[in-house]
Amino acid sequence: PKGSLMKITVLLENATTSDRFCSKHGLSMFIETDAGRILFDMGPDASFIDNARALGVDVTSADFAILSHGHYDHGGGLRAFIEETEAVGRKVPIYAHERAFESHCANTPIGLKDIGVDPTLLDEYCDRFILTGDSLEVAEGLDLFASVEPVELAPRSNKVLLERVDGAVEKSESLDDYTPDAFEHEQTLLIREGDRVTLVTGCSHCGIVNIMKKAEALIGGPLHAVVAGFHLMNPSSGEVEDPKTVKAVAQFMAERPTRYYTFHCTGLNAYSLLRDTLGERVNYLYTSSRIEL
């Protein structure tokens, strides 16, 4: 009903507090709003669907699906979602940035690792995808924006993440074909319900401070809540971002009346540092966590 609290269920995240659910490096959430039901990211594979069933969530009932950026741990389950909805005769629109399906790699000690999303999905299911750019209104109260400049406090681990120089979708084995990822394929969702505006994003590769500043400029004031991975650890090494950086992020957040909910790429060590400054205003969401905003 109109005006009811927004509900968010974490279908998949790196950790879980119950062996009833599968946890993997990745993210998937089911968001129920006044404007409709949203599947936000699909994790690395079909595991989010199994978890959803265990939680009593029907992912095929989604009105919209949103891919936050072009990495496998957020879009690896795309095919499974499409097949699941197809099986019940539904074609749920999937909003993905126009650059999300380009080749993305991580430069690891043992060579280039493909971390992209399957580009063949675009050809196979072209009628499912709505490709986005700098901004787009999904529905009344639901807005996507991208093109955030990583001006300050951008994640250090971004340095090992690469994109094709020519914007091609094919993976190359040559490092010469890649350049540091500018994360133009990363998009953020703003959910407006009454006087409450909630920001939802996947990994904050452009820096959560920069993303929040852009959101605040768009809405002309502070956010009610932020639900996001803050990318304060390196997924490959588990190494935490420089503590000074984490504390600077925490101080920026503390200066606002916003509540924060985080997961996935923030890392529990960085979360504990944020908690030192923000206290009860920041909470970690695990697989199967449910919140109302």
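What counts and how
- Residues numbered from 1 in each chain as written.
- Predicted model: local features only at pLDDT ≥ 70, side-chain atom pairs only at ≥ 80, totals over all residues.
- Heavy atoms only, no water.
- Helix = DSSP H or I, 4+ residues; strand = E, 2+ residues; numbered from the N terminus.
- Polar contact = N/O pair within 3.5 Å; in protein donor to acceptor, adjacent residues only side chain to side chain.
- Salt bridge = Lys/Arg side-chain N within 4 Å of Asp/Glu carboxyl O.
- Buried < 20%, exposed > 50% of the residue type's maximum accessible area, 1.4 Å probe, protein only.
- Pairing = 2+ DSSP bridges.
- Axes fitted to C-alpha atoms, helices over the stretch in contact; angles between N-to-C directions.
- Core = buried A, V, L, I, M, F, W, Y, C linked by side-chain atoms within 4.5 Å.
- Contact = heavy atoms within 4.5 Å.
- 1 Å grid on protein atoms, 1.4 Å probe; cavity = no way out; pocket = protein on both sides within 12 Å on 5 of 7 lines; lining within 4 Å.
- Points joined across faces, edges and corners; volume = space filled by probe spheres on them.
- Nonpolar A, V, L, I, M, F, W, Y, C, P; charged D, E, K, R; others polar.
- Parallel < 35°, antiparallel > 145°, perpendicular 65-115°, else oblique.
- Left-handed = near helix turned anticlockwise from the far one by under 90°.

## Focus on the environment of D58
Thought 1: With respect to the secondary-structure elements, D58 resides in the loop between α1 (47-55) and β4 (64-66).
Thought 2: Polar side-chain contacts of D58 include one of 2.6 Å to the side chain of T60.

## Comments concerning the pattern of salt bridges
Thought 1: This model, assessed by the stated rule, comprises 20 salt bridges.
Thought 2: Salt-bridge contacts for E216 lead to R256; the nearest nitrogen and oxygen are separated by 2.6 Å. Of the two residues, E216 sits in helix α5 (residues 208-219) while R256 sits in the loop between α6 (243-254) and β16 (259-262), which places them 40 residues apart along the sequence. R256 shares its class with E216; the two are buried.
Thought 3: Here the salt bridges do not stand alone but share partners, grouping E86, K91, D127 and R128 into one network.

## A word on the sheet that holds strand β17 (residues 282-284)
Thought 1: Pairing within the open sheet is mixed, and its seven strands lie in the order β9-β10-β13-β14-β15-β16-β17. Each of the sheet's edge strands pairs with one partner strand only, and the pair in question is β9 (135-139) and β17. For this sheet, the mean angle separating the axes of adjacent strands, direction not counted, is 20°.
Thought 2: In the sheet, strand β15 (residues 225-228) pairs with β16 via four bridges, with the strands oriented parallel. What sits directly across from A225, in β16, is R259.

## Digging into the nonpolar core
One broad trend across soluble globular proteins is that nonpolar side chains are buried collectively.
Thought 1: Of all hydrophobic cores here, the largest spans 32 residues; its most connected members are I208, L223, V226, F230, M253, Y260 and L274.
Thought 2: Elements represented by at least two residues in this core include exactly β14 (196-201), α5, β15, α6, α7 (268-278) and β17.
Thought 3: The residues contacting M253, other than those within four sequence positions of it, are I208, F230, Y260, L278 and R281.
Thought 4: Counting residues in hydrophobic clusters, the runner-up holds 28 residues, among them V59, L67, V92 and F129.

## Things to note about the layout of surface pockets
Thought 1: There is about 180 Å³ of room inside the second largest pocket.
Thought 2: Lining of the second largest pocket is provided by 15 residues; of these, V148, P150, A182, F183 and C206 occupy positions nearest its centre.
Thought 3: Partitioned by chemical class, the residues of the lining of the second largest pocket number seven nonpolar, three polar and five charged.

## Brief notes about the packing of α5 against α6
The axes of two packed helices give the description: the angle between them and the distance between them.
Thought 1: At a closest axis distance of 10 Å, the pairing of α5 and α6 adopts a crossing angle of 20°. The angle between the axes of α5 and α6 places the two elements in the roughly parallel class. Of the two elements, α5 crosses α6, and the hand of that crossing is left-handed. Only V249, F252 and M253 of α6 make contact with α5, whose side of the interface consists of I208, V209, M212 and K213.
Thought 2: In the contact of α5 with α6, the residues fall into six nonpolar, no polar and one charged.

## Some details on the sheet that holds strand β7 (residues 111-114)
Thought 1: Pairing is antiparallel across the open sheet formed by four strands, whose spatial order is β7-β6-β11-β12. Since the sheet does not close on itself, it has two edges, and those belong to β7 and β12 (178-180), each with one partner. Averaged over all neighbouring strand pairs, the angle between strand axes comes to 40°, with direction disregarded.
Thought 2: Alignment of strand β11 (residues 161-164) against β12, held across three bridges, turns out to be antiparallel. Bridge pairing in β12 places E163 opposite T179.

Read these as spatial facts, not as claims about activity.
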